[in-house]
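# Chain and residue survey
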Amino acid sequence: MPTSVGRRTNRLAPTSRVDRRTVVRLGIVAAVSYAAWLAIGAFGRPYNFFDMKIYHGAVVWWASGNELYDFVAPSTTLGFTYPPFAGVVMLPMSWLPVDGAGFVNALASIAALAVVLAALLRPIVDRLGWPLWFTVGIATPLAVAIEPSRETLGYGQVNLLLFALIMADMVGLRWRAKRGTHHETADSPLARFVYSGAWAGVGIGLATAVKLTPALFVAYLMLTRQWRAALTAVGTTIGVTIATFGMVGEESRAYFTSVLWQTERVGAADMTANQSLAGLLARLYDSIETPGLLWLAFSVLLLALGLSRAISARADGDELTAFTLVGLTANVISPISWSHHLIWVIPAIIVLADAAVRRRDASRGLPLRGSGPSANGVPALRPPIWYPTLTGLRHGVGALGLYLLFLISPIWPYEHQLPEVSHYQDGLFGALMENSLAIALIVLVAALPWRPGAEPAFYHDRLGRAAALAGRR
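Now for a look at the structure at hand. (Residues numbered from 1 in each chain as written. Predicted model: local features only at pLDDT ≥ 70, side-chain atom pairs only at ≥ 80, totals over all residues. Heavy atoms only, no water.)

Time to look at the overall build of the protein. When you go through the protein residue by residue, the secondary structure sums to 21 helices and 0 strands. Out of the 473 residues belonging to the protein, those deemed buried represent 46%. Partitioning the intrachain contacts of the protein with sequence separation of at least 6 by distance along the chain shows that 75% fall at a separation of at least 24. Carbon and sulfur atoms make up 68% of the accessible area of the protein, which totals about 23300 Å². (Helix = DSSP H or I, 4+ residues; strand = E, 2+ residues; numbered from the N terminus. Buried < 20%, exposed > 50% of the residue type's maximum accessible area, 1.4 Å probe, protein only. Contact = heavy atoms within 4.5 Å. Areas by Shrake-Rupley, 256 points an atom, 1.4 Å probe, with all protein chains shown as cover.)

A separate point is helix 18 (residues 393–408). Its 16 residues give helix 18 an end-to-end C-alpha distance of 22 Å, which sits within 8% of 22 Å, the value for a rise of 1.5 Å per residue. Within helix 18, burial applies to His395, Ala399, Leu402, Tyr403, Phe406 and Leu407. Viewed along the axis of helix 18, the buried residues span an arc of 130°, placing them on a single side of the element. Helix 18 presents Arg394, Val397 and Leu400 as exposed residues on the side facing more than 90 degrees away from its buried surface. At the exit of helix 18 stands Ser409, carrying a positive phi of roughly 50°. (Expected span 1.5 Å × (residues − 1). Arc of directions from axis to C-beta.)

We now examine the pattern of salt bridges. In the structure shown here, the tally under the stated rule is 9 salt bridges. The salt bridge involving Arg358 is made with Asp354; its shortest N-O contact spans 2.9 Å. One end of the pair is Arg358 and the other is Asp354, both in helix 16 (residues 345–364) and 4 residues apart, which spans about a single turn. Among the residues examined, Asp354 registers a relative accessible area of 3% and is labelled buried. (Salt bridge = Lys/Arg side-chain N within 4 Å of Asp/Glu carboxyl O.)

Looking at the element boundaries, Arg283 is found in helix 13 (residues 277–284). Measuring from C-alpha to C-alpha, the distance between Arg283 and Leu418 comes to 9.4 Å, with 135 residues separating the pair along the chain. Discounting residues that sit within four places of it in the chain, Arg283 has contacts with Ala269, Asp270, Met271, Thr272, Asn274, Gln275, His423, Tyr424, Glu434 and Asn435. A polar contact is formed between the side chain of Arg283 and the side chain of Asn435, at a distance of 2.6 Å. (Polar contact = N/O pair within 3.5 Å; in protein donor to acceptor, adjacent residues only side chain to side chain.)

Further remarks concern unusual backbone geometry. Across the junction of Leu418 and Pro419, the peptide omega takes the value 0°, indicating a cis bond. The residue Pro419 is located in the loop between helix 18 and helix 19 (427–434) in this model. The backbone of Phe49 shows a phi angle near 55°, a positive value even though the residue is not glycine. Even without glycine at this site, Asp286 takes up a positive phi of about 50°. Inspection of the secondary structure puts Asp286 in the loop between helix 13 and helix 14 (292–315). The class for Asp286 is partly exposed, based on a relative accessible area of 28%.

Attention now moves to the packing of aromatic side chains. Throughout the structure, instances matching the rule amount to 17 aromatic pairs. For the ring pair Phe49 and Phe103, a centre distance of 5.3 Å and an interplane angle of 85° mean the geometry is edge-to-face. In this pair, Phe49 is assigned in the loop between helix 1 (2–43) and helix 2 (50–63) and Phe103 in helix 4 (residues 98–128), connecting sequence segments 54 residues apart. Counting every residue linked through ring pairs, the aromatic cluster contains Tyr55, Tyr69, Phe80, Tyr82, Tyr255 and Phe256. Here the guanidinium or amino end of Arg25 rests over the ring plane of Phe134, the centre of that ring lying 5.6 Å away. Above the face of the Trp412 ring, Arg45 is positioned so that its terminal group lies 3.5 Å from the ring centre. (Phe/Tyr/Trp six-rings, centres within 6.5 Å; stacked < 30°, edge-to-face > 60°. Lys NZ or Arg CZ within 6 Å of the ring centre and 35° of its normal.)

A few words on helix 9 (residues 202–210). Counting buried residues along helix 9, 7 of its 9 residues qualify, which places the element largely inside the surrounding structure. Among the residues of helix 9, those classed as buried are Gly203, Ile204, Gly205, Ala207, Thr208, Ala209 and Val210. Where helix 9 is buried, its residues meet helix 3 (84–90), helix 7 (159–177), helix 10 (215–223), helix 11 (227–247) and helix 15 (319–333).

So, about the packing of helix 4 against helix 5 (residues 132–145). Close contact between helix 4 and helix 5 brings their axes to 9 Å; oriented N to C, the two are set at 130°. Between helix 4 and helix 5, the interaxial angle falls into the category oblique. As helix 4 packs across helix 5, the resulting crossing turns out to be right-handed. Here Ile110, Leu113, Ala114, Leu117, Ala118, Leu121, Arg122 and Val125 of helix 4 lie close against helix 5, whose contacting residues are Leu132, Thr135, Val136, Ala139, Thr140, Ala143 and Val144. (Axes fitted to C-alpha atoms, helices over the stretch in contact; angles between N-to-C directions. Parallel < 35°, antiparallel > 145°, perpendicular 65-115°, else oblique. Left-handed = near helix turned anticlockwise from the far one by under 90°.)

Take the nonpolar core next. Counting residues in hydrophobic clusters, the biggest one holds 106 residues, and the most contacted among them are Phe80, Met167, Phe323, Leu328 and Phe406. The element best represented in this core is helix 4, accounting for 10 residues. Sequence-distant contacts of Phe406, defined by excluding residues within four places in its chain, comprise Ile146, Glu147, Pro148, Arg150, Leu342, Val345, Leu437, Ala440 and Leu441. (Core = buried A, V, L, I, M, F, W, Y, C linked by side-chain atoms within 4.5 Å.)

That is the geometry; function is a separate question.
Encoded structure:
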C-alpha cells in the first residue's frame, strides 16, 4: 500500500509543477501589466479621448442630417479629416456615448495589437521553445505602454486597427508562401481559403481607404512583383471608395475636391507631436512651415533608401523587416506623422531583439577551442569566451534603447510653440530631445537590420528553391 501511494504521488507531481509554473507566469504577466500601467501614468500625458470626441461629434452631427465636413468641434477649429469611407465605418459610434465609444475603440485596439503580436512572435517563440501565451501576455502591455500605443488609446485614434489590417496581409503572404502546410488539410473551404493567403492585399486596401499613407505598401508590393496582392489592395481601395461614393456622394465629392487639399485642417508642421521629416525640418528652421524644396529632396532620398532596403530584406527572406521598413518610411516622409502614428517601432523592436538572439545563438554554435580536429584535419578554434556574449550586443542594446526612448518619449518636456517660444529655447540638447523620435525613425530606415531566411514570403526564387531542395534531401 505505501508503494502504491508513493506511485500515485509521483504521478501527480509533474502536474503540480506545471500548475506552479503557470501560476508564476500569470504572476509575471500581472506584474508587467501593472508596471506598464504605472509607466503610462509616469511618462504619458493626460488623456480624455480628445480625437474620439471629434470623430464622435462629427458622426453624430452627420447622423442628424448635417454635412460631415462642415462639423467643427466645440472650442476648437478641428473637424473630420478622414475620407468618407472612414465616416461610414465610424457611423455606428453615434449610437454610443463618447466615452463608451472611446473604451470600445481602446479594447478593440488592444485586442488587435495582441493578435498581431501573436502572429509576429509565433515564429520566434516556436524556435526558442517559449510559450506563446506567456510571451504575448508580456509583450502586449509592454507595447501598450510606449508613446504610439498609449497616445492612440488615450486620444481614441485608429492606428492600431490600421496596423492590424496591414500586418494581416503580411501574415497572408506568409501563409501563401507556405501553401500546402495548412490549407490543404483544413476542414472547410473557408478555412482553406484563409490559409491559402489568396486574400492578401485586402487589409492594405482597406487601410488605404481610411488613410492615404498605407498606399506606400501598394508601391512596395508592385516593386517586389507581388502582383496579386498589389492588385487586390488597389481593387479593394477603389471598390470601397466607389461604393462609398454611391452611398454618400455629396461627402465624397466634398472630400476629394476640397477637404483633401486643406492641409491646415490637421495643424502646423512644426508642432512637437509631428515627428516626421517635415516636422523635424520645420523645427530646425524654427518656422511653422516646412522648407518645401529641402523636404522634397530629403523625402525622395529616404523614400528610395527605405524601399530599396525593404526590397533587399524581402529578397533575403525577411518579410517582417520589409514591411517594417515600408511603414517606417511612410512615417518619415509623410508631411504629418503625429507621435501616435509611429506604431511601426513595435515590429522594429521585435526585429532588433530577434536579430540579437539569432546572432548570439549562432556564435554559441561554434566548436570549442581544442575540442578536436575539424573536417579538414585542422584543430577547430573558437573566439575568446566573451565573444558569444558580445555577439548581437549592439542589436540588443538597440532594441532596449529604442524601447526606452519611446517609453520615456522625451519630446514633451521640451515642447515649444511658435511664435511664443522658439524651438531652440532649451539649447541644442532641448532641440535634440524635441526631435528625438523623428531622428530615431530616420536612423531605423537607414540601419534597421534584417534576418536572412527568417520569414520568407515567397516560393519561386532562390530561397524557395533552396528550401525545396533541402526538404527533398
